[in-house]
Protein chains: 2
Amino acid sequence: MAVIVQKYGGSSVADAEAIKRVAKRITEAKRAGDDVVVVVSAMGDTTDELIDLANQVSPRPPEREMDILLTAGERISMSLLAMAIANLGFKAQSFTGQQAGVITDDSHGRARIVAVKADRIHQALADGNVAIVAGFQGVNASNDVTTLGRGGSDTTAVAMAAAIGADVCEIYTDVDGVFTADPRIVPTAKKISRISYEEMLDMAASGAKVLNLRCVEYGRRHGVDIHVRSSFSAHNGTLVTDRPLPEGEGQMMEHPLIAGVAHDRTEAKVTVVGVPDVPGTAARIFEVVAATGVNIDMIVQNVSAAQTGLTDISFTLPADDGQKAITALTDHEQEIGYASLQYDDQIGKLSLIGAGMKSHPGVSARLFGALRDAGINIEMISTSEIRVSVITRADQLDDAVRAVHTAFDLDSTEGEAVVYGGTGR
Amino acid sequence: MAVIVQKYGGSSVADAEAIKRVAKRITEAKRAGDDVVVVVSAMGDTTDELIDLANQVSPRPPEREMDILLTAGERISMSLLAMAIANLGFKAQSFTGQQAGVITDDSHGRARIVAVKADRIHQALADGNVAIVAGFQGVNASNDVTTLGRGGSDTTAVAMAAAIGADVCEIYTDVDGVFTADPRIVPTAKKISRISYEEMLDMAASGAKVLNLRCVEYGRRHGVDIHVRSSFSAHNGTLVTDRPLPEGEGQMMEHPLIAGVAHDRTEAKVTVVGVPDVPGTAARIFEVVAATGVNIDMIVQNVSAAQTGLTDISFTLPADDGQKAITALTDHEQEIGYASLQYDDQIGKLSLIGAGMKSHPGVSARLFGALRDAGINIEMISTSEIRVSVITRADQLDDAVRAVHTAFDLDSTEGEAVVYGGTGR
């Protein structure tokens, strides 16, 4: 008998019929003898509809009230799911974040889980129930309702799995798992059957949408195996873990160099043109941007032109935050002392991820060669221990992804990819 | 400066525009210097829509889950209302039943409030907030969500007013107050400006829909003045109180004999025909019905026919429960030993209510005379200290109400009715 956490997203519980299908799937695990905790998101478009209502009554709704409003969504889906399971003859109880003991910090709209006091969940399981927990929500120390922000339900699921010592946290989604590249761009992409937290973190941070970054980070920190799988099939998906492969399973396989190729179309590039190439200028620019709460991704500083003593500094950031950064820089134009600002949202980012590259220094060269052969210009480069990212023109990104996928022998001939670059940390 | 509780029902917060109107009204009280606690119901048809969803996933949803589901409704309306108030430049915080300290017993779907621990509400007021509290909901001792059943938000409002020692509990509705009869039937009916709890209880129990019975009962027990008024006008409505009139205000007025005429079309009559007129038969009949949880209202036992030793027993009950009672009686036919059952839902009930009748024994006679003069047959009669009720044919009920209203000089010539029959209990 195993203890399993299953997480279902909004599209899996979009209407009454979908809820009944999910209920059936849950009871199959229960019938197999497993203890099941289910984490559920709000139904389909509920959250968007609630946000729309809020905007109708106030242009700037207070965050505390916004969180109370939005958490109504999971309250509806979780109780309906419990009803549907009960209707199949199984015991089920639903729990709000507060009832499930999900304690967060005070950051309304983007709260972080600080503790999970799962006494009631343990009790519900001991009493033979399927425990249904509202995703995305918790309470702070003052018993005020908080939400976890985008991807919050995945994080709830992994946190709940850690708290109750579950054997696995299954994240149900509308794709079969994590692939070596987005199959819509690279039809020959392979499903990754096993991947380390570190590589999955870099994949997620680099644009692979299947798993939320915070959820993987939480899983890594607490050693929770995360199984990303389709809610429409019974096939295994992708297991995110640092555990070694079981005896006899693929022990002889060579760990592949590369986990996958991720891409991201959501960034924009800001270039601050003609800044004095003296110590402190770059720092001042990034202080100004950081003060707006915008996250900067890649940074490039050109070599200074000797005759002028001026240089250009480029950085990328989420395009959604572009206006905020430009406004802040304009407000501080005098103080920073630049000539002009350039803004470009027609860029794409390609990232090659693989723990194997730590011991294979030729990876970057092979990547750049593949892009050159495909006629694709590289505008910015950044590297970490297990990742190389490049910025290209947005309209060349798909070609770039395909070229790199092929160059690193990731194209499928048969079977699935086992990526295991566990670092033991 | 006063402390005021205001309660707004679902129709007052049916959409974003309505919520903004209510927000404006609330801020007017706040601007006048009062501390305001608002109790709010779910928006418009939300509750019905949630019930519909539940029925789509399960024919018999578990009560615990039903309560969690339904309480999503107030969570939405209360947070939107807080946002709308904040948008007008006032501080506001919304609180779920759990956060507001509304502790109930375990009866899901019809829970009773056992305590209100209003610490957070006190704190919110002290911090200058309008406190918005979800009506209709609480938590039991196990921190499970409960609902209070029909009219529950009114009860929440009065309970909250008692807990914080409010000066008055204002129940906003779509009519101007409580009238001496339903103005849709008796156009000359007068608004009652002041009425005792005892009379209001009997009015509510006899079919006057404006105030919920439990809310009045709670108000009486805790001495909370309840002001029923229209959310569409600034006029005073009906004050339910046992406090004597202030010095100089109507002290010289004679307290009227009668508070008003209530009517009820929701009952049905069951007649158990041909039962042995021996001790214990009636008891057995009502035990059988009581075991189904059905509330019996009026009971009449005919005089026994001497030659047969058989009699008929009639009783009234909510028509919604008719089938349940008939089934129970049919199941126990042998044991009770009756000849047949008759069921009649074409009845109406008229009730005359007034504390003054305690000291005026002629009231019943005058009532019966008025109905006789109007050609209306009386089928059953029941009386209490301050109420006389009669059953008529349903299609004669309106005529009966008008005839009685006139016979007791309740028809308006001018002004409003002050009914003050406070009994001091």
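Peer 1: Describe the environment of threonine 292 of chain A, and please don't skip the residues or the numbers.
Peer 2: Along the polypeptide, threonine 292 of chain A turns up in the loop between helix 9 (281-290) and strand 15 (299-301). Setting aside residues up to four positions removed in sequence, threonine 292 of chain A forms contacts with Lys324, Ala325 and Ala328 of chain A.

Peer 1: Outline the packing of helix 3 (residues 63-70) of chain A against helix 4 (residues 72-87) of chain B, listing residues and values.
Peer 2: Remark: helix 3 of chain A packs on helix 4 of chain B, axes separated minimally by 8 Å, with the N-to-C direction vectors making an angle of 160°. As judged from the angle between their axes, helix 3 of chain A and helix 4 of chain B are roughly antiparallel. In the crossing of helix 3 of chain A with helix 4 of chain B, the sense of the turn from one axis to the other is left-handed. Counted together, Glu65, Ile68 and Leu69 of chain A of helix 3 of chain A and Arg75, Ile76, Ser79, Leu80, Ala82 and Met83 of chain B of helix 4 of chain B form the full contact between these two elements. Looking at the contact of helix 3 of chain A with helix 4 of chain B, its residues break down into six nonpolar, one polar and two charged.

Peer 1: So what about the interface of chain B and chain A? Which residues, and what values?
Peer 2: Opposite the 29 residues of chain B that make contact, chain A presents 29 residues. Every element with two or more residues in the side of chain B that touches chain A is listed here: helix 1 (16-31), helix 2 (46-57), helix 3 (63-70), helix 4 and strand 3 (92-95) of chain B. Split into classes, the residues belonging to the side of chain B that touches chain A amount to 17 nonpolar, eight polar and four charged.

Peer 1: Go over the environment of glycine 337 of chain A, please, and point to the residues and values.
Peer 2: Residues and elements named next belong to chain A. With respect to the helices and strands, the residue glycine 337 is situated in the loop between helix 11 (333-336) and strand 17 (340-344). Put simply, glycine 337 and threonine 281 are 56 residues apart on the chain and 8.7 Å apart in space, counted from C-alpha to C-alpha. Those residues within four positions of glycine 337 in sequence are excluded, and the remaining contacts are Val275 and Pro276.

Peer 1: Go over the relation of the copies chain B and chain A, please, and point to the residues and values.
Peer 2: The operation relating chain B to chain A is a screw motion whose rotation component is 180°, with 0.0 Å of axial translation and a residual RMSD of 0.1 Å. Expressed as a symmetry operation, the mapping of one chain copy onto the other fits a two-fold axis. For chain B, the residue whose C-alpha comes nearest the rotation axis is alanine 72 of chain B, separated from it by 2.5 Å.

Peer 1: Break down the sheet that holds strand 15 (residues 299-301) of chain B for me, citing the residues and quoting the values.
Peer 2: Residue and element names in this part refer to chain B. Pairing is antiparallel across the open sheet formed by four strands, whose spatial order is 15-16-14-17. Since the sheet does not close on itself, it has two edges, and those belong to strand 15 and strand 17 (340-344), each with one partner. Neighbouring strand axes in the sheet, compared pairwise and without regard to direction, differ in orientation by 15° on average. Where strand 14 (residues 267-276) meets strand 17, five bridges bridge the pair, whose relative direction is antiparallel. Bridge pairing in strand 17 places valine 272 opposite leucine 341. Against the sheet, helix 9 (residues 281-290) makes contact with strand 14, strand 15 and strand 16 (310-318), and its axis sits at roughly 140° relative to strand 14, the strand it touches most.

Peer 1: Got a sec to walk through the packing of helix 4 (residues 72-87) of chain A against helix 4 of chain B? Specific residues and values, please.
Peer 2: It is at 9 Å that the axes of helix 4 of chain A and helix 4 of chain B come closest, and there the two elements cross at 175°. Between helix 4 of chain A and helix 4 of chain B, the angle is such that the two are roughly antiparallel. Where helix 4 of chain A approaches helix 4 of chain B, its residues Ala72, Arg75 and Ile76 of chain A are matched on the opposing element by Ala72, Arg75 and Ile76 of chain B.

Peer 1: If you had to explain the sheet that holds strand 16 (residues 310-318) of chain A to someone new, which residues and values would you point to?
Peer 2: All names here are of chain A. Spatially, 15-16-14-17 is the arrangement adopted by the four strands of the open sheet, whose pairing is antiparallel. Strands with a single pairing partner mark the edges of an open sheet, and in this sheet they are strand 15 and strand 17. For this sheet the average axis-to-axis angle between neighbouring strands, irrespective of direction, equals 15°. Running at roughly 140° to strand 14 (residues 267-276), helix 9 makes contact with strand 14, strand 15 and strand 16 of the sheet.

Peer 1: Summarise the pairing of strand 20 (residues 387-393) of chain A; cite the residues concerned and give the values.
Peer 2: Successive residues of a regular strand alternate their side chains across the two faces of the sheet. All names here are of chain A. Across the seven residues that make up strand 20, a large majority, six, are buried. Here five bridges tie strand 19 (residues 380-384) to strand 20, and the two strands are oriented antiparallel to one another. Residue pairing in the sheet places threonine 383 in a bridge with valine 388 of strand 20. The antiparallel hairpin formed by strand 19 and strand 20 contains two residues in its connecting segment.

The rules behind each value
- Residues numbered from 1 in each chain as written.
- Chains lettered and ligands numbered in written order.
- Predicted model: local features only at pLDDT ≥ 70, side-chain atom pairs only at ≥ 80, totals over all residues.
- Helix = DSSP H or I, 4+ residues; strand = E, 2+ residues; numbered from the N terminus.
- Contact = placed C-beta atoms within 7 Å.
- Axes fitted to C-alpha atoms, helices over the stretch in contact; angles between N-to-C directions.
- Parallel < 35°, antiparallel > 145°, perpendicular 65-115°, else oblique.
- Left-handed = near helix turned anticlockwise from the far one by under 90°.
- Nonpolar A, V, L, I, M, F, W, Y, C, P; charged D, E, K, R; others polar.
- Least-squares fit on C-alpha atoms with pLDDT ≥ 70 in both.
- Pairing = 2+ DSSP bridges.
- Buried ≥ 20, exposed ≤ 12 C-beta atoms within 10 Å, placed from the backbone.

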